[in-house]
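Now for the letters of each chain:
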Amino acid sequence: MAELHPEREPYAEHAVDVGDGHVLHVEESGNPDGKPVVVLHGGPGGGTRYLLGLQALSDVRRVVFYDPRGTGLSPRVPPE
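Residues numbered from 1 in each chain as written. Predicted model: local features only at pLDDT ≥ 70, side-chain atom pairs only at ≥ 80, totals over all residues. Heavy atoms only, no water.

Caption draft 1: Spotlight on the pairing of strand β4 (residues 61-67). Note: strand β2 (residues 22-30) against β4, six bridges, orientation antiparallel. Across the sheet, E27 pairs through a bridge with F65, a residue of β4. Here strand β3 (residues 35-39) pairs with β4 via five bridges, running parallel. Looking at β4, one finds that V38 is bridged to V64. (Pairing = 2+ DSSP bridges. Helix = DSSP H or I, 4+ residues; strand = E, 2+ residues; numbered from the N terminus.)

This is the structure:
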């Protein structure tokens, strides 16, 4: 059975330095010319990978996912 909205690979990935040694992992997928939608997740520690079901938006929107500091693909910075 075909998926209604199959997972799409991001067309861009970024490492955003937010200071104090923290770097956020950011991915963009969907329609590069669409209006951007920034996806925030609601739980600690999980990152945004489980939100890939939001690809339904990606036909018309530029979907921007990011993993908060120390979660998902954003590296954890050890305390000094």
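Caption draft 2: Just the sheet that holds β2, in detail. Reading across from one edge, β1-β2-β4-β3 is the order of the four strands in this open sheet, with mixed pairing throughout. Whereas interior strands pair on both sides, the edge strands pair on one side only; in this sheet they are β1 (12-19) and β3. Between one strand axis and the next, the sheet turns through 25 degrees on average, direction left out of account. In this sheet, β2 lies alongside β1 in antiparallel orientation, the contact comprising seven bridges. (Axes fitted to C-alpha atoms, helices over the stretch in contact; angles between N-to-C directions.)

Caption draft 3: Spatial organisation of unusual backbone geometry. Unlike most non-glycine residues, D20 shows phi in positive territory, near 55 degrees. With respect to the helices, strands and loops of the structure, D20 is situated in the loop between β1 and β2. Note on D20: relative accessible area 73%, which makes it exposed. (Buried < 20%, exposed > 50% of the residue type's maximum accessible area, 1.4 Å probe, protein only.)

Caption draft 4: Up close: the pattern of salt bridges. In the structure shown here, the tally under the stated rule is one salt bridge. Between R62 and E28 there is a salt bridge, and its shortest N-O distance comes to 3.1 Å. Of this pair, R62 sits in strand β4 while E28 sits in strand β2, and the two are 34 residues apart along the sequence. Assessed through its relative accessible area of 13%, E28 is described here as buried. (Salt bridge = Lys/Arg side-chain N within 4 Å of Asp/Glu carboxyl O.)

Caption draft 5: Representation of the side chain of E27 within the structure. Mapping E27 onto the fold places it in strand β2. Exposure remark for E27: the relative accessible area of 6% places this residue in the buried category. Side-chain polar atoms of E27 contact the side chain of H25, separated by 2.9 Å. (Polar contact = N/O pair within 3.5 Å; in protein donor to acceptor, adjacent residues only side chain to side chain.)

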